[in-house]
Amino acid sequence: MPSLYSRILLTASLMLYGSSSCIYAKDSPPSAQNIVGGIAIKVNNDPITLYEIQSLSAKQHISKTQAQEILIANRLKDQEIKRLNIVADDMRLEQEMESIAAQNNLSYQQFIQALYQQGLTPESYKAKLKDQIQTRELMRNILLAADTTSEETMRKYYNTHKNEFITADQVQTIRYSSKDPKLLERAIANTTLTLNGVEKTPEKLKLNMLNPQIAQMFAQLQSGEFSPILDAGNGSYVAFLVQDKSGENAMSFEEARGIIAQKLAQDHQEQILSEYFEKIKQKAHIEYVRQ
């Protein structure tokens, strides 16, 4: 069974309100007047109130002890996010909301209106979205930093799964370019839009002519998918829409190393996350003020 800490982090990889492309859900935070009964626990001096414990216990139909453990884990998670300076700024949140709106076939204004109809404000939605993004980034950092793959293990995986590393030789794309990354994000979220300041240019790419990391990125993209937004230098940003792939190219072990490491880390993520947070909990100062 997954540990409490890994369950909390893995939950963040799920979509907001059940799905990040779904906005139809209510979640009302407790008002200040409901936070009664004082502090029950301090986690490195961050308080957990009796009200929080009672509320979570009733909402999830779990014991107060289980509620305490979940809240402690969440405090530790938030402290790690702060320690590692994992930030989701307003621009990123706006871009994410525009993307979610497009996934729901809504304009941005229609999306905001739908939030209000569900009893949500853009501010409360942003707060939850920010927590989701930061938690997901924390999980990614933990997994990437974990030393779970020896050279021998990775080479064995490569030799027994060589078919996974057969990629296209060239990729037909549409290159989206702009001086404004936010404008570029809007164009990606809705490809039917024609926006001043965003250029679209057909471009065929030979993967063996690209930087290995960029070639690896294109190798993993499927037709109809966009690359991440990339800094093209001189104040310009680009993203590529993959239209078609052709030819065949066998990746070398060195080219496949990053993919293999990520794959093996994913296979062991439960164990990695559990061990990481168990260590943090052991080092934390947890004071039970009252039961």
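Structural notes, computed from the coordinates.

Comments concerning the environment of lysine 281
Stage number 1. Relative to the elements of secondary structure, lysine 281 occurs in helix H11 (residues 269–283).
Stage number 2. Note on lysine 281: relative accessible area 23%, which makes it partly exposed.
Stage number 3. Counting along the chain gives 238 residues from lysine 281 to valine 43, while the straight-line C-alpha distance between them is 9.3 Å.

Comments concerning the packing of helix H3 (residues 64–83) against helix H6 (residues 122–145)
Stage number 1. Between H3 and H6, the least distance of the axes is 10 Å, while the angle of their chain directions is 80 degrees. One element, H3, and the other, H6, form an angle in the roughly perpendicular class. The residues of H6 that touch H3, namely those facing Lys77, Asp78, Glu80 and Ile81, are Asp131, Gln134, Thr135 and Leu138.
Stage number 2. Taken together, the residues of the contact of H3 with H6 break down into two nonpolar, two polar and four charged.

Thoughts on the sheet that holds strand E9 (residues 286–288)
Stage number 1. Pairing is antiparallel in the open sheet, where three strands are placed in the order E2-E1-E9. Strands at the two margins of the open sheet, each flanked by one partner only, are strand E2 (46–49) and E9. On average, adjacent strands in this sheet sit at an angle of 20 degrees to one another, irrespective of strand direction.
Stage number 2. The pairing of strand E1 (residues 39–43) with E2 spans four bridges and is classified as antiparallel. Opposite lysine 42, over in E2, you have proline 47 as the bridge partner.
Stage number 3. With respect to the sheet, helix H2 (residues 50–60) is in contact with E1 and E2, its orientation differing from that of E2 by roughly 55 degrees.

Looking at the nonpolar core
Stage number 1. One finds Ile41, Ile48, Ile53 and Leu76 to be the most contacted residues of the largest nonpolar core, which totals 24 residues.
Stage number 2. At six residues, the largest contribution of residues to this core is made by H3.
Stage number 3. If sequence neighbours within four positions are ignored, isoleucine 41 has contacts with Asp46, Pro47, Ile48, Ile53, Gln68, Ile72, Ile286, Glu287, Tyr288 and Val289.
Stage number 4. Core analysis: the next-biggest nonpolar cluster, separate from the first, contains twelve residues, Leu93, Leu120, Tyr125 and Leu129 among them.

Quick notes on the environment of asparagine 234
Stage number 1. The topology assignment puts asparagine 234 in the loop between strand E6 (230–233) and strand E7 (236–246).
Stage number 2. For asparagine 234, a relative accessible area of 77% translates into the label exposed.
Stage number 3. A C-alpha to C-alpha distance of 8.9 Å links asparagine 234 and lysine 179, two positions 55 residues apart in sequence.

What about unusual backbone geometry?
Stage number 1. Of note in the backbone geometry, asparagine 44 takes a positive phi value of approximately 50 degrees without being a glycine.
Stage number 2. Exposure remark for asparagine 44: the relative accessible area of 34% places this residue in the partly exposed category.

Considering the packing of aromatic side chains
Stage number 1. Here the structure, examined in full by the defined rule, presents seven aromatic pairs.
Stage number 2. Aromatic pair tyrosine 158 and phenylalanine 253: ring centres 5.7 Å apart, planes at 75 degrees, arrangement edge-to-face. Pair noted here: tyrosine 158 is in helix H7 (residues 151–160) and phenylalanine 253 is in helix H10 (residues 253–267), with a separation of 95 residues, a long-range link.
Stage number 3. Classification of tyrosine 158 by relative accessible area gives buried; the value is 12%.
Stage number 4. You can call phenylalanine 253 buried: its relative accessible area is 7%.
Stage number 5. Here tyrosine 176 and phenylalanine 226 contribute two aromatic rings whose centre-to-centre distance is 5.1 Å and whose plane-to-plane angle is 80 degrees, an arrangement assigned as edge-to-face. On the criterion of sequence distance, the pair formed by tyrosine 176 in strand E4 (residues 170–178) and phenylalanine 226 in the loop between helix H9 (212–220) and E6 is long-range, its members being 50 residues apart. Phenylalanine 226 shares its class with tyrosine 176; the two are buried.

The rules behind each value
Sequence positions are assigned chain by chain, starting from 1 and proceeding in written order. Only residues with pLDDT of 70 or above have their local features reported here, since the model is predicted, and side-chain atom pairs are shown and tallied only from 80 upward, although totals for entire chains, interfaces and linings are computed over all residues. Where side-chain values are given, they derive from all heavy atoms of the structure, hydrogens and water being excluded. A run of H or I in DSSP becomes a helix once it reaches four residues, and a run of E becomes a strand once it reaches two; helices and strands are each numbered from the N terminus. Three labels apply to residues, based on accessible area from a 1.4 Å probe with only protein chains included: buried if under 20% of the type maximum, exposed if over 50%, partly exposed otherwise in between. Structural elements are reduced to axes, namely lines fitted to C-alpha atoms, with helices fitted over the stretch in contact, and the angle between N-to-C directions of any two is expressed from 0 to 180 degrees. Between 65 and 115 degrees an angle is taken as roughly perpendicular, under 35 as roughly parallel, over 145 as roughly antiparallel, and anywhere else as oblique. Whether two residues touch is decided by their heavy atoms; if any such pair falls within 4.5 Å, the residues are in contact. Each residue gets one label: Ala, Val, Leu, Ile, Met, Phe, Trp, Tyr, Cys and Pro are nonpolar, Asp, Glu, Lys and Arg are charged, and the others, such as Gly, are polar. DSSP bridges decide pairing: two strands pair if at least two such bridges lie between them. Within this scheme, the nonpolar core is defined by two criteria: the residues are buried Ala, Val, Leu, Ile, Met, Phe, Trp, Tyr or Cys, and they are joined through side-chain atoms within 4.5 Å. Stacked, tilted and edge-to-face pairs are distinguished by plane angle, under 30 degrees for stacked and over 60 for edge-to-face with tilted covering the rest, among Phe, Tyr and Trp rings (Trp via its six-membered ring) whose centres lie within 6.5 Å.

Remember, this is a structural readout, not a statement about activity or role.
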